2 protein chains.
Amino acid sequence: MKKKATLADVAAAAGVSKMTASRALRGVRDVSKINIARVREAAQELGYVGNFLAASLSSQRSDLIGVVVPNLTNIVFAQVLSGISEGIAGSGVQPVFGVTDYDLDKEYDIIRNMLSWQPAGLIVTGLDLPEQTRRLLENAEIPVVQIMDVDGDPVDACVGFSHIRSGEEIAQALLGAGLRKFGYAGCALTMDVRAAKRRIGFQRALIQNGLDFVEEVEAFELSSIAAGRSLTEQLLTKAPDLDCIYYSNDDVAAGGLFYCIEAGIAVPDQVALAGFNGLSIASGFPGRIATVRTPRREIGKQAAGIICSALEGKVVSGTSVELVPQVDLGLLEGRRG
Amino acid sequence: MKKKATLADVAAAAGVSKMTASRALRGVRDVSKINIARVREAAQELGYVGNFLAASLSSQRSDLIGVVVPNLTNIVFAQVLSGISEGIAGSGVQPVFGVTDYDLDKEYDIIRNMLSWQPAGLIVTGLDLPEQTRRLLENAEIPVVQIMDVDGDPVDACVGFSHIRSGEEIAQALLGAGLRKFGYAGCALTMDVRAAKRRIGFQRALIQNGLDFVEEVEAFELSSIAAGRSLTEQLLTKAPDLDCIYYSNDDVAAGGLFYCIEAGIAVPDQVALAGFNGLSIASGFPGRIATVRTPRREIGKQAAGIICSALEGKVVSGTSVELVPQVDLGLLEGRRG
DNA sequence: ACTGATATGGATACCGGTACCGATACCAGT
DNA sequence: ACTGGTATCGGTACCGGTATCCATATCAGT
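Residues numbered from 1 in each chain as written. Chains lettered and ligands numbered in written order. Predicted model: local features only at pLDDT ≥ 70, side-chain atom pairs only at ≥ 80, totals over all residues. Heavy atoms only, no water.

Trainee: I would appreciate a short explanation of helix α7 (residues 131-138) of chain B in the present structure.
Mentor: Of all the positions in α7(B), only B:Thr133, B:Arg134, B:Leu136 and B:Leu137 are classed as buried. On an axial view of α7(B), the arc spanned by its buried residues comes to 155°, and they lie on one face. (Buried < 20%, exposed > 50% of the residue type's maximum accessible area, 1.4 Å probe, protein only. Helix = DSSP H or I, 4+ residues; strand = E, 2+ residues; numbered from the N terminus. Arc of directions from axis to C-beta.)

Okay, here's the thing in structure tokens:
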């Protein structure tokens, strides 16, 4: 095999025209069974693979949808992607992923790059986009679904939940369980806008009840178990009498839990821990961490669904799907203050 | 903005020919500063984005590299991807990811699909490919780097480590620490070929020492903490006097550790746990789980490096880079049987 | 002023497919 | 035999860029 076989080669080998070969391989319109077989065989024989570039340049459509997420080491986004895969199953479109590492310039570049592939639609994480990025999306003339958040104004459509409200709600639940002395431990809040929103919501609920965080600590690295351990240690050193720590997410909270277990601190009796996301890591010690369970797969699935229905011509601009995450107090459940 | 601007529009707006506009935007050859400025401005004005499909169809190259991994919910692969990103930094190539979910048919489809984008290179997880998939890669005429394994025969090049040997080595280390009654707990071994290889290596070392697994349990779901918990419970019920459990990886092992902590079983004194990968989840309880630390980012980085040097014309076919993972006994360190 | 080198711009021919429309063959009906 | 319909194919013109080669302009040196 010296040179990659093209459709013309296949057609020649099958003794038909390029057009007939093209139709035969795509299974479209009327081609005689005999020719379909001949073309298939020739393609097989030559190891013909097809050229997506030429095909979609010519047909002016592409079956590609771009998916932009900030991070993959946080399983949350891996689950969103898997939801997307589920949502597009059978629709013939194919997702292409891009990871921004929470870097806004990189995000702009990635989106621009994706647009240059002429995708049929785009799924982008977050609502808070820089002006320039937003313009890019507005001018793209393809359906754009923003995910994971609804606290803001989408370019086109969005699927997610309110982080502010979810912070408020778990705060209220914890207050309802009688907790009063709250600490906060978070990672990378300047980058993770949504974690910051949750903190705001949580704090707002505290203030409404005449309280506030007694102490706060922050790490600038990305969230991790290790960061959770050390933040918890810091926090409990500064303020040993806390009765609850709110973390920016479950990874950090799990680190806190592990620290407490080793330090012999009873969770949740001596100090309660609350995180966010309902991650499986927290299920290592069922119920010990209060959390907010978020419908990640569902978000991916619905986002994909919106893109698909947009491709079928439905108008999706303006749709905003708010899913409701669920507060899970774990072992604190049923406790009364 | 009614219609997407093309290069011709930009050229017209800038008062130059398509070619000059093309050259100006790519910064190639000599274009007068004045025209570069004019074209840039026109492009900006029109929100021109460029068309990757047309560009690479025309130039017959694509600076795309396809990356195929089995799974994203296992952080290992996310880290490999991040290593790849690092490895290609500055080289101008762009990675595109595909996830197979350990499904061989899906793998074939994804690879085929990627090839249809005319990528400049491919990075594929694993050496054990079905015949058909292998042929596809062999005929592709682009550099193919297979990662995560070296126990086998690569299509082109590979970067990884020996799973068989890594199983043997940790077994020997555990034997050296005086452990004798081994159990095995694994997830999805038929799908995860490499986990199966580690088990083989481990068992081989046991047999060489006149031992074998006392008891084995397997779950058919993908590895998870929850699976680790329940497998461990099963295993210790069947064989309460085990002094060491070897798990298919650290996720499962972490589940085991959590189970033991809650059940009041001292780790590693009463029963030692050994996993694979050196995942951060195991760092929640430092040293409690023996593991084999694998250079995941490094694998990604080197794989990307190989692709890049192939693109510069170097012959890479036949290169096989074996990295050496590191046995970490954790708290068992220094113990003597 | 003429020559050659250097810098810069454009015309043309593709890249590998597909849309669109017209051509051909074959057959039933009258 | 002729007409019209159906089924099946092929020719041509693109899609939006880039490679290649040629044309022109400019300028220093003699």
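Trainee: What is the right way to read the sheet that holds strand β10 (residues 289-293) of chain B from this model?
Mentor: The strands making up a sheet are joined through hydrogen bonds of the backbone, oriented either antiparallel or parallel. Residues and elements named next belong to chain B. Strand order across the open sheet formed by six strands is β7-β6-β8-β9-β10-β12, with mixed pairing between neighbours. Both edges of this open sheet fall to β7 (213-219) and β12 (326-328), since each of them pairs with a single strand only. Between one strand axis and the next, the sheet turns through 15° on average, direction left out of account. Bridge count for β10 against β12 is three bridges, and the pairing is antiparallel. Each bridged residue has a counterpart across the sheet, and for Val292 the counterpart in β12 is Val327. Along the sheet face, helix α10 (residues 225-238) touches β6 (182-187), β7 and β8 (244-247) and points at about 145° away from the line of β7. Contacting β6, β8, β9 (272-274) and β10, helix α11 (residues 250-263) runs over the sheet at an angle of about 170° to β10. (Pairing = 2+ DSSP bridges. Axes fitted to C-alpha atoms, helices over the stretch in contact; angles between N-to-C directions. Contact = heavy atoms within 4.5 Å.)

Trainee: Teacher, can you tell me more about the protein's contact with DNA strand C here?
Mentor: Taken together, 29 residues lie near DNA strand C, and A:Ser22, A:Ser58, B:Thr20, B:Arg29 and B:Asn35 sit nearest. When atoms of DNA strand C within 4 Å of the protein are split into backbone and base, the sugar-phosphate part holds 59%. Between DNA strand C and the protein, one listed contact pairs a phosphate oxygen with a side-chain N or O atom of A:Arg26 at 3.0 Å. Residue B:Arg23 places a side-chain N or O atom 2.9 Å away from a base nitrogen belonging to DNA strand C. Those elements giving two or more residues to the surface near DNA strand C turn out to be α2 (18-26) and α4 (52-59) of chain A together with α2 (18-26) and α4 (52-59) of chain B. Partitioned by chemical class, the residues of the surface near DNA strand C number ten nonpolar, eleven polar and eight charged. (Near = heavy atom within 4 Å. Polar contact = N/O pair within 3.5 Å; in protein donor to acceptor, adjacent residues only side chain to side chain. Nonpolar A, V, L, I, M, F, W, Y, C, P; charged D, E, K, R; others polar.)

Trainee: Is there a simple way to explain the interface of chain B and chain A in this structure?
Mentor: Many structure descriptions define interface size as the accessible area lost when the parts assemble. Counting from both sides, the interface comprises 44 residues of chain B and, opposite them, 44 residues of chain A. Contact with chain A buries area across many residues of chain B, yet B:Val49, B:Leu53 and B:Trp117 alone supply 15% of it, more than any other trio. Where chain B meets chain A, there are two salt bridges. B:Glu262 is paired through a salt bridge with A:Arg288; the nearest N and O atoms lie 3.8 Å apart. (Buried area = accessible area lost by both parts, 1.4 Å probe. Salt bridge = Lys/Arg side-chain N within 4 Å of Asp/Glu carboxyl O.)

Trainee: For this particular structure, what's the right way to read the relation of the copies chain B and chain A?
Mentor: Look at the two chain copies: a rotation about an axis and a shift along it is all it takes to match them. Here chain B sits on chain A after a turn of 180° about the axis and a move of 0.0 Å along it, with an RMSD of 0.1 Å. On this basis, the relationship between the two copies can be described by a two-fold rotation axis. Among all residues of chain B, the one whose C-alpha sits closest to the rotation axis is B:Leu53, at a distance of 2.4 Å. When you check the interface residues of chain B against chain A, 100% turn up at the interface there too, and the contact is symmetric in its surfaces. (Least-squares fit on C-alpha atoms with pLDDT ≥ 70 in both.)

Trainee: Mind showing me how you'd approach the UniProt feature "domain: HTH lacI-type" (unreviewed entry) in chain A here?
Mentor: As recorded in UniProt, the feature "domain: HTH lacI-type" (unreviewed entry) lies at residues 5-59 of chain A. Along residues 5-59 of chain A the backbone is 71% helical and 0% strand, and the end-to-end C-alpha distance reaches 20 Å. (UniProt positions renumbered as here; feature names shortened; annotations may be inferred.)

Trainee: Please clarify how the protein's contact with DNA strand D should be interpreted in this entry.
Mentor: Surrounding DNA strand D, one finds 28 residues, the nearest of these being A:Ser17, A:Arg29, A:Ser32, A:Asn35 and B:Ser22. Expressed as a percentage, the sugar and phosphate content of the atoms of DNA strand D within 4 Å of the protein is 61%. A:Gln60 has a polar side-chain atom sitting 3.1 Å from a sugar or linking oxygen of DNA strand D. Within the backbone of B:Leu7, a nitrogen or oxygen atom sits 2.8 Å from a phosphate oxygen of DNA strand D. Looking at the surface near DNA strand D, the elements with two or more residues in it are α2 and α4 of chain A together with α2 and α4 of chain B. The greatest single-element share of the surface near DNA strand D, amounting to five residues, is contributed by α2(B).

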